[in-house]
Amino acid sequence: MYVVKSPLSDADLKTVSEALQGALVDLVDLSLVAKQVHWNVVGPRFRSVHLQLDEVVDTARQHSDTVAERASTLGVSPDGRAGTVAATSGIGAVSEGWVKDVDAVGTLVEALGAVITRMRERIEETGEADPVSQDIFIGITADLEKHHWMFQAENGG
């Protein structure tokens, strides 16, 4: 059932809706991973890493809303339910318990790297199908790459 009619062809809509759904899941999971690490980080760099993690959470949440609303705009129902996120995210599992600051940074480098790789694939996939959605993915990727750079610099590599 489509409540909103998309201006895209069925083939383009399929391509774009899959890309938007994948991005939504990755962004929701990224916000959860960053918040989990945020709550559990310990060590001499606690405060700076703790605050930096909240910046990632804010970015991921803002962009997840943009992605979900773009899907809705195209007549596609976004699915950010916990089960969907757990089953389809491209981010690896995060260990439970306290996380040393250096390990927290490493976790975010890996998580951001995974999401960026998938976002860059979505940029390629949506270029012809829907440049508007592609533009959203480009903006998201730029923001995530900035966080990725900053976390890599945090641990010196």
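Here the structure is shown first, and the text comes after it.
Residue positions within a chain follow its written sequence, with the count starting from 1. Totals for whole chains, interfaces and linings use all residues, but because this is a predicted model, local features are given only for residues with pLDDT of at least 70 and pairs of side-chain atoms are given and counted only at 80 or more. To obtain the side-chain values, all non-hydrogen atoms of the structure were included, while hydrogens and water were left out.

Colleague: Give me the overall build of the protein: which residues, what numbers.
Modeller: Only DSSP runs of H or I reaching four residues or more are called helices, and only runs of E reaching two or more are called strands; each is numbered from the N terminus. Check the secondary structure of the protein and you find five helices and two strands. The C-alpha atoms of the protein give a radius of gyration of 16 Å, which matches the 15 Å a tight globule of 157 residues would have. Dimensions of the protein, computed from C-alpha atoms along their principal axes, come out at roughly 55 × 30 × 20 Å. Relative accessible area decides the class of each residue, using a 1.4 Å probe on protein chains only: under 20% of the type maximum gives buried, over 50% gives exposed, and in between gives partly exposed. Split into buried and exposed, the 157 residues of the protein put 46% on the buried side. The long-range fraction of contacts in the protein, counting pairs at least 24 apart against all pairs at least 6 apart in sequence, stands at 84%. Using a 1.4 Å probe, accessible areas were evaluated by the Shrake-Rupley method; residue-level cover was limited to the displayed protein chains. Just so you have it, the protein exposes about 8,300 Å², and 54% of that area is on carbon and sulfur atoms. Under the counting rule used here, the positive set is Lys and Arg, the negative set is Asp and Glu, and His together with the chain ends is not counted. Where a charge lies is defined by one atom per residue type: Lys uses NZ, Arg uses CZ, Asp uses CG and Glu uses CD. Positive and negative side-chain charges in the protein, numbering 13 and 24 respectively, have mean positions lying 4 Å apart. Our radius of gyration looks at C-alpha atoms and nothing else; its globule reference is 2.2 Å times the residue count to the power 0.38. By definition in these notes, contact holds between two residues if any of their heavy atoms fall within 4.5 Å.

Colleague: I'd like a description of helix 5 (residues 131–154), backed by residues and values.
Modeller: One fewer than the residue count of a helix, multiplied by 1.5 Å, yields its expected span. With 24 residues, helix 5 should cover 34 Å at 1.5 Å per step; its first-to-last C-alpha distance of 34 Å lies within 8% of that length. Every buried residue of helix 5 is listed here: S133, Q134, I136, F137, I140, T141, L144, H147, H148 and F151. Taken together, the buried residues of helix 5 touch helix 1 (10–40), helix 2 (46–73) and helix 4 (101–126). Just beyond helix 5, the residue with positive phi is G156, at close to 75°.

Colleague: If you had to explain the nonpolar core to someone new, which residues and values would you point to?
Modeller: Core analysis: the largest hydrophobic core is formed by 43 residues, its most contacted members being L30, V67, L108, M119, F137, I140 and L144. Those elements giving two or more residues to this core turn out to be helix 1, helix 2, helix 4 and helix 5. The contacts of L30, once residues within four sequence positions are left out, are V56, A60, I91, L108, A111, L112 and L144. Among the buried residues, those of types Ala, Val, Leu, Ile, Met, Phe, Trp, Tyr and Cys that are joined through side-chain atoms within 4.5 Å form a nonpolar core.

Colleague: For helix 2, give the residues involved together with the corresponding values.
Modeller: With 28 residues, helix 2 extends 41 Å between its outermost C-alpha atoms, agreeing within 8% with the 40 Å of an ideal straight helix rising 1.5 Å per residue. Trailing helix 2 by a residue or two, G75 shows a phi angle of about 85°, which is positive.

Colleague: If you had to explain the packing of helix 4 against helix 5 to someone new, which residues and values would you point to?
Modeller: To get an axis, fit a line to the C-alpha atoms, keeping to the stretch in contact for a helix; angles then go from 0 to 180 degrees between the N-to-C directions. The geometry of helix 4 relative to helix 5 is characterised by a closest axis approach of 9 Å and an angle of 160° between their N-to-C directions. Regarding the angle of helix 4 to helix 5, the classification is roughly antiparallel. Judged by the twist between their axes, the crossing of helix 4 over helix 5 is left-handed. For this classification, the nonpolar set comprises Ala, Val, Leu, Ile, Met, Phe, Trp, Tyr, Cys and Pro, the charged set comprises Asp, Glu, Lys and Arg, and every other residue, Gly included, is treated as polar. A per-class count over the contact of helix 4 with helix 5 returns 14 nonpolar, eight polar and four charged. Any angle that is under 35 degrees is reported as roughly parallel, and any over 145 degrees as roughly antiparallel; angles of 65 to 115 degrees are reported as roughly perpendicular and all others as oblique. Working rule for handedness: look at the near helix, and if it is turned counterclockwise from the far one by less than a right angle, call the crossing left-handed; if clockwise, right-handed.

Colleague: I'd love a proper account of the pattern of salt bridges, names of residues and values included.
Modeller: The rule for a salt bridge is simple: a side-chain nitrogen of Lys or Arg has to be within 4 Å of a carboxyl oxygen of Asp or Glu. A complete count under the given rule lists nine salt bridges for this structure. A salt bridge links D101 to R45, with the nearest nitrogen and oxygen atoms 3.7 Å apart. A residue pair is termed long-range when its members are at least 10 positions apart, and D101 in helix 4 and R45 in the loop between strand 1 (41–42) and helix 2 qualify at 56 residues. Under the relative-accessibility criterion, D101 is labelled buried at 7%. Residue D79 pairs with R81 through a salt bridge whose shortest N-O separation is 2.8 Å. Residue classification places D79 among the buried residues on the basis of a relative accessible area of 18%. The exposed category is assigned to R81, whose relative accessible area is 57%. Bridged by salt links that share partners, the residues D26, R118 and R122 form one connected network.

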